[in-house]
Amino acid sequence: MLPAVVKLCCGITYPHLRSMAGNSSLCESEDPFCPSLRTKHPFMPHRSDVRPVRLREEELSYVQQGQEALRKALEIVEDKNGWKTETIQENGDVIYSKVLPGGRKVFRLEAVLEASPEVLCDVLFVRVEEMCRWNPSISHIKVLRSVGAETMVTHEVTAETAGNLIGQRDFLSVRHCCKQKSRIYLAGAATHLESFMPQRGFVRAEDGPTCIILQAVDDGSRRSRFTWLLNMDVKGWLPKSIVNQALPRAQADFTKHLRRAKSTGSSERGIRHPGEISTPL
Ligand SMILES: CC(C)CCC[C@@H](C)[C@H]1CC[C@H]2[C@@H]3CC=C4C[C@@H](O)CC[C@]4(C)[C@H]3CC[C@]12C
């Protein structure tokens, strides 16, 4: 697995980003990944329209932070040692936990969802701002910066829902998406934006380094293996036991809402894929 991690780290899978960063070996390979991402971001070069675009220092730093988040998150998730089964849900989803050196407890949810990795990527990454429509635990998500099609800075605010023992939190995160072989990786980590300091009345929590791995269960399948590392510092003064109960619960709830998300998202946007309408994920 190490070579894969190193590859990701070096940005070998991002020919267009390397080009944007000033490397002269531009867009040699056709990248069929997420065509919707390209149309969404008109500044993404098409093959016939390839020209070097220099990333500003700040943008380049977000790309690097995203790649670094993925590398660190994969290191945690792929280390097979020390994981304990936390809960087995009725639907078969399993949450494992592990205590990292330093004492933080992280959670890994494993599920199978009835959608292809591309559809899940669309719901979770491309249309991230729509997440609060299908997930009542989140009250607001805004993309503050986009760098190419695969990196963005987002601001998220959790909802003040009854039963949320943690209380409302906000997050400022770099989010990064990349495809390698049959997998799509969504990574994230807390970041900074000068114009976006913690706001009064909010406790700024930190999400990450975290990642979601989406992998087709078998060739041509519309089912995906969904592996999600939840690695969160909720901040504030709270007993560890409360936090360590709330996090896996939040993870299970999120996955429950995600299973219903695609139908809502598609119909609201008027996009209909045959056979995909009301199928839960
Ligand atoms: C217990 C309290 C403090 C937190 C509960 C809400 C948690 C589970 C919510 C808040 C913000 C959410 C994240 C917001 C944005 C993204 C980016 C997306 O591409 C994958 C999902 C991901 C990573 C969400 C995962 C779930 C998340 C971390």
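To start, this report covers the structure provided alongside it. (Residues numbered from 1 in each chain as written. Predicted model: local features only at pLDDT ≥ 70, side-chain atom pairs only at ≥ 80, totals over all residues.)

Quick look at the pairing of strand S3 (residues 105-113)
Put simply, the rule is: Strands pair, by our definition, only if DSSP identifies at least two bridges between them. Helix and strand assignments follow DSSP, with helices taken as H or I runs no shorter than four residues and strands as E runs no shorter than two, numbered in order from the N terminus.
For strand S2 (residues 94-99) and S3, the ladder comprises 6 bridges, and the chain directions are antiparallel. By the bridge assignment, serine 97 is partnered in S3 with phenylalanine 107. Hairpin geometry of S2 and S3 is characterised by an intervening segment of 5 residues between the two adjacent antiparallel strands and by a positive phi of about 110° at glycine 102. As paired strands, S3 and strand S11 (residues 224-230) are joined by 7 bridges and run antiparallel to one another.

A word on the environment of valine 217
The line we're drawing: This entry defines residue contacts through backbone-placed C-beta atoms, with two residues in contact when those atoms are within 7 Å.
Tracing the chain through its elements places valine 217 in the loop between strand S10 (210-216) and S11. In this structure, the C-alpha to C-alpha distance between valine 217 and valine 112, residues 105 residues apart in sequence, is 8.0 Å. Setting aside residues up to four positions removed in sequence, valine 217 forms contacts with Val112, Arg223, Ser224 and Arg225.

Observations regarding helix H4 (residues 57-78)
Owing to its 3.6 residues per turn, the α-helix aligns residues three or four sequence positions apart on the same side. Just so we agree on the cut-off: One fewer than the residue count of a helix, multiplied by 1.5 Å, yields its expected span. Any residue whose C-beta has 12 or fewer other C-beta atoms within 10 Å is treated as exposed, any with 20 or more as buried, and any in between as partly exposed, C-beta atoms being built from the backbone.
In a regular helix each residue adds 1.5 Å, so 22 residues correspond to 32 Å; H4 covers 31 Å between its end C-alpha atoms and thus fits that length. When H4 is considered as a whole, its buried residues turn out to be Glu59, Tyr62, Val63, Gln65, Gly66, Gln67, Ala69, Leu70, Lys72, Ala73, Leu74 and Val77.

Quick look at the nonpolar core
Applied cut-off: Note on definitions: a nonpolar core is a set of buried residues drawn from Ala, Val, Leu, Ile, Met, Phe, Trp, Tyr and Cys, linked by C-beta atoms within 7 Å.
One finds Ala73, Leu120, Tyr185, Leu186, Cys211 and Ile212 to be the most contacted residues of the largest nonpolar core, which totals 46 residues. By residue number, the principal contributor to this core is H4, which donates 7 residues. If near-sequence neighbours (up to four positions away) are discounted, leucine 120 is found in contact with Leu113, Ala115, Leu214 and Ser224.

Looking at helix H5 (residues 117-126)
With 8 of 10 residues buried, H5 is to be regarded as a mostly interior element. Those residues of H5 not exposed but buried are Pro117, Glu118, Val119, Leu120, Cys121, Val123, Leu124 and Phe125.

Quick word on the environment of lysine 72
Tracing the chain through its elements places lysine 72 in helix H4. Looking at lysine 72, the number of C-beta atoms within 10 Å reads 20, which means it is buried. Linking lysine 72 and lysine 142, residues 70 residues apart in sequence, is a C-alpha distance of 25 Å.

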